[in-house]
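# Breakdown of the fold
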Amino acid sequence: MKKTCPNPAFLGFLIATAILVAIPGLSYVKQRAPETIIPGPGVTRRGSLSDYLPALKGTSADTPVFYLEGKEPGGTVLLVGGAHPNEPAGFIAPLIVVERGVAQKGRVIVVPYANGSAISHTEPLEGSPASFSLKNKAGETRVFRVGSRLSNPLDQWPDPALYVNEKGQVLSGSEMRNLNRAFPGKADGSITEQIAYAIMEIIRREKADISIDFHEASPEYTTVNAIVAHEKSLELAAEVAMYLEFDDIPITLEQSPKNLNGLSHREWGDYSDTLPFLFEAANPFMGRLRGKTDETLIIEGKDPYYLAAAKAKRLNVPYDEKGLPLSYRVARHITAFRYVLDTYNTYYEEKAIIVTDLPEYEEMAYRNLGDFLN
Ligand SMILES: [Zn+2]
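Note that the structure is a prediction, hence the values are computed from the model and not measured.

### Some thoughts on the coordination of the zinc ion
Binding of the zinc ion to the protein goes through His84 (ND1), Glu87 (OE), Glu87 (OE) and His215 (ND1), at separations of 2.1 to 2.3 Å. Taken together, the four donor atoms coordinating the zinc ion span angles of 58 to 145° at the metal, a pattern that classifies the geometry as irregular. Between the donor residues of the zinc ion, the gaps in sequence give the motif H-x2-E-x127-H. Judged by relative accessible area, glutamate 87 falls into the buried class, the value being 3%.

So this is what it looks like as structure tokens:
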């Protein structure tokens with residue numbers, strides 16, 4: 001029988017196709033790689049979200065949990081970042097606590113990337129960069145992925161046309177993949193519900209006295225530069241808002257509506273004894289009015305269209321030529337966290353939580369944020 005030799009043109013076509021597939025394939029694999037976190041001297045133990053729900057082990061939703069344990073016993077605070085990993089200050093603020101903070105009394109538990117599935121892909125149709133980088137004090141580059149508001153469809157698919165939640169509210173079907181609509185979660189539910197359940201389990205098993213969820217939103221959104229608090233934590237939140245205002249950090253206070261379904265500030269409080277807070281910083285990168293959407297916009301927060309909107313008094317937050325840089329947004333979050341502890345400690349002396357070595361607002365805002373990372 002005659003041996004058939006592959007047509008060289010066809011062979012060339014196959015090789016070219018393989019190269020074309022490999023280029024996006026490599027960037028896909030890179031986007032699924034776990035984040036580099038360099039724990040600081042305050043981290044006494046490292047665990048995983050799957051410690052609280054073994055079904056998550058080996059899935060893209062499993063994510064590191066850091067424990068900063070003080071020598072002196074006290075209360076416990078849980079910090080949750082990256083519920084929406086397209087909101088950079090939402091995960092960099094808790095990361096700075098992991099890399100810098102030291103608990104002297106009580107414990108801090110930190111989940112910097114709560115939705116590990118959502119950080120494995122970018123926001124579709126938004127022209128969003130896949131990552132941004134910061135230079136640390138040693139001049140080394142730290143790269144941070146930018147994820148999506150929703151879990152990756154590779155992990156949870158298909159979406160229903162509509163999502164009717166347990167309180168009968170009708171949301172778009174893709175909201176089924178929104179971690180901040182999935183609390184208190186389900187142990188045998190979708191990957192998003194499982195993540196929500198595992199976070200609830202941290203709150204319950206570790207007896208978190210305080211739980212804080214870090215976010216960012218567009219400057220034209222109504223709940224922005226805000227603290228959202230469950231009725232249980234409302235008085236503490238009011239005091240925190242007052243201290244922030246004394247520091248010239250504009251903030252509004254919102255009570256978590258009782259009929260909201262699946263949101264952290266509502267369900268954490270309804271399904272556990274914790275005092276829940278959600279912090280929301282204003283970020284033009286998140287907004288509908290923004291122009292060029294790149295790494296610089298994430299870091300510098302300067303956008304000519306937001307400046308025009310501010311001049312026309314169409315924004316809910318102060319905005320000028322200085323922009324709203326990542327350093328400012330993170331400094332707001334860290335400062336609000338420090339004030340939550342200070343305020344809590346005055347009422348619950350025996351369960352005080354004392355954390356040192358966190359940067360002050362003035363040191364961090366409008367400075368090189370990488371200086372506060374390892
Ligand atoms: Zn958010």
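### A closer look at helix α3 (residues 191-205)
Residue pairs three or four apart in sequence face the same way in an α-helix, which turns once every 3.6 residues. Between its first and last C-alpha atoms α3 spans 21 Å; for 15 residues at 1.5 Å apiece the expected length is 21 Å, and the two agree. Among the 15 residues in α3, 12 count as buried, and that is most of the element. For α3, every residue scored as buried is listed here: Ile191, Thr192, Glu193, Gln194, Ile195, Ala196, Ala198, Ile199, Met200, Glu201, Ile202 and Ile203. Buried residues along α3 sit in contact with β2 (64-69), β3 (72-80), β4 (102-111), β9 (210-217) and α5 (264-270).

### Regarding unusual backbone geometry
Of note, the amide linkage connecting tryptophan 157 to proline 158 takes the cis form, showing an omega dihedral of -5°. Inspection of the secondary structure puts proline 158 in the loop between β6 (141-145) and β7 (162-164). A cis geometry characterises the amide bond from phenylalanine 183 onward to proline 184, with omega recorded as 5°. The residue proline 184 is located in the loop between β8 (170-172) and α3 in this model. Positive phi, normally seen in glycine, also occurs at aspartate 357, with a value near 70°. With respect to the helices and strands, aspartate 357 occurs in the loop between β13 (354-356) and α9 (361-364). Classification of aspartate 357 by relative accessible area gives partly exposed; the value is 47%. Here tyrosine 366, not a glycine, exhibits a phi torsion of approximately 65°, which is positive. Among the secondary structure elements, tyrosine 366 is positioned in the segment after α9.

What counts, and where the lines are drawn
- Residues numbered from 1 in each chain as written.
- Predicted model: local features only at pLDDT ≥ 70, side-chain atom pairs only at ≥ 80, totals over all residues.
- Heavy atoms only, no water.
- Donors = N, O, S within 2.8 Å, 3.2 Å for Na, K, Ca; no water.
- Tetrahedral: all angles 85-135°; square planar, octahedral: opposite > 155°, others 65-115°.
- Buried < 20%, exposed > 50% of the residue type's maximum accessible area, 1.4 Å probe, protein only.
- Helix = DSSP H or I, 4+ residues; strand = E, 2+ residues; numbered from the N terminus.
- Expected span 1.5 Å × (residues − 1).
- Contact = heavy atoms within 4.5 Å.

Nothing here speaks to function; it is geometry throughout.
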